Every structure is written in C-alpha cells, then in structure tokens.
Amino acid sequence: MLFNIVASDSEKLYEKENPTYDEIIRFIKDQMNIVSPLLTYIDDDGKSYYVNCTNDINEIRKKLSIIKKVNLYIALQSWTCAFCTYEENTEEKCEVCGQKKK
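Residues numbered from 1 in each chain as written. Predicted model: local features only at pLDDT ≥ 70, side-chain atom pairs only at ≥ 80, totals over all residues. Heavy atoms only, no water.

You'll find the protein entered in an unreviewed UniProt entry as RanBP2-type domain-containing protein, with Paramecium octaurelia given as the organism.

Pasting the structure below:
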C-alpha cells in the first residue's frame, strides 16, 4: 500500500505492503526529520482518526483494500518547557531557552 505522509510543509510517499506503525514512524523521523509525529487518518466523510499502533494501520488497510494510496496527516505534538514554561515547543530543545525536553 502507498502512504502519502502529509506534514504542514511537506509530503513524502512511503510504500510497503504490510507496514508496522513503528516502521512508518521511523520513516517519518528519518526522512522528514519530525521528532514526535502524531498521525491521523481522515476518511471520505471528513472524520478524523488517530493512528497509534499497527492495528490502526491494519484497520485502514482493510477499509481501503481497493484503494492503493492512503493519506496520513502529521500533527506536531507540542510540549511545555519545565524551565521557562514556553508551551508550544515541537523540537527536542526549547525554542526559547534551549533546554532539552524532559
């Protein structure tokens, strides 16, 4: 199956017959340099589903067995810095003070 991995500023194609969740996450981290991806799938009716495990990937594959390409969307998980309390960090280090994510 072909997965179109969509981030806010880029897209990458990932093709594998039976991928695991961990393989897709590893691809995103290696190829798109996104540290903590949160995957969602949006169906034809516009309903959004979180993709958190291999079972979720398999369910999508079952539902879309006749479709060859699936769009997975990435939302960056933000975190709050314990040092300066900046709330919208998306990288491993705080964007304001440079402290590492704990």
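Bringing the pattern of salt bridges into the picture now. With the rule as written, the count across this model stands at one salt bridge. Close ionic contact of K16 with E23 constitutes a salt bridge, the shortest N to O distance being 2.6 Å. (Salt bridge = Lys/Arg side-chain N within 4 Å of Asp/Glu carboxyl O.)

Once that is clear, we can look at the nonpolar core. As a rule of thumb, soluble globular proteins bury nonpolar side chains together. By size, the foremost hydrophobic cluster in this structure holds 20 residues, and its most contacted members are F3, I5, I24 and L72. Sorting elements by how many residues they give to this core places helix α1 (residues 21-32) first, with six residues. (Core = buried A, V, L, I, M, F, W, Y, C linked by side-chain atoms within 4.5 Å. Buried < 20%, exposed > 50% of the residue type's maximum accessible area, 1.4 Å probe, protein only. Helix = DSSP H or I, 4+ residues; strand = E, 2+ residues; numbered from the N terminus.)

Time to look at the side chain of N4. Considering the arrangement of structural elements, one finds N4 in strand β1 (residues 2-6). In terms of polar contacts, N4 uses its side chain to reach the side chain of E11, at 2.9 Å. (Polar contact = N/O pair within 3.5 Å; in protein donor to acceptor, adjacent residues only side chain to side chain.)

Among the structural elements, Y14 can be located in strand β2 (residues 11-15). Between the C-alpha atoms of Y14 and V96, which are 82 residues apart in sequence, the distance is 34 Å. In contact with Y14, other than residues within four places in its own chain, are M1, L2, F3, I5, P19, E23, I24 and F27. (Contact = heavy atoms within 4.5 Å.)

Okay, the packing of aromatic side chains next. What the rule picks out here adds up to two aromatic pairs. When the centroid spacing of 4.8 Å and the interplanar angle of 45 degrees are considered together, the rings of Y14 and F27 count as tilted. Placement of the pair is Y14 in strand β2 and F27 in helix α1, with a sequence separation of 13 residues. By relative accessible area, Y14 is classed as buried at 11%. For F27, a relative accessible area of 16% puts it in the buried group. (Phe/Tyr/Trp six-rings, centres within 6.5 Å; stacked < 30°, edge-to-face > 60°.)

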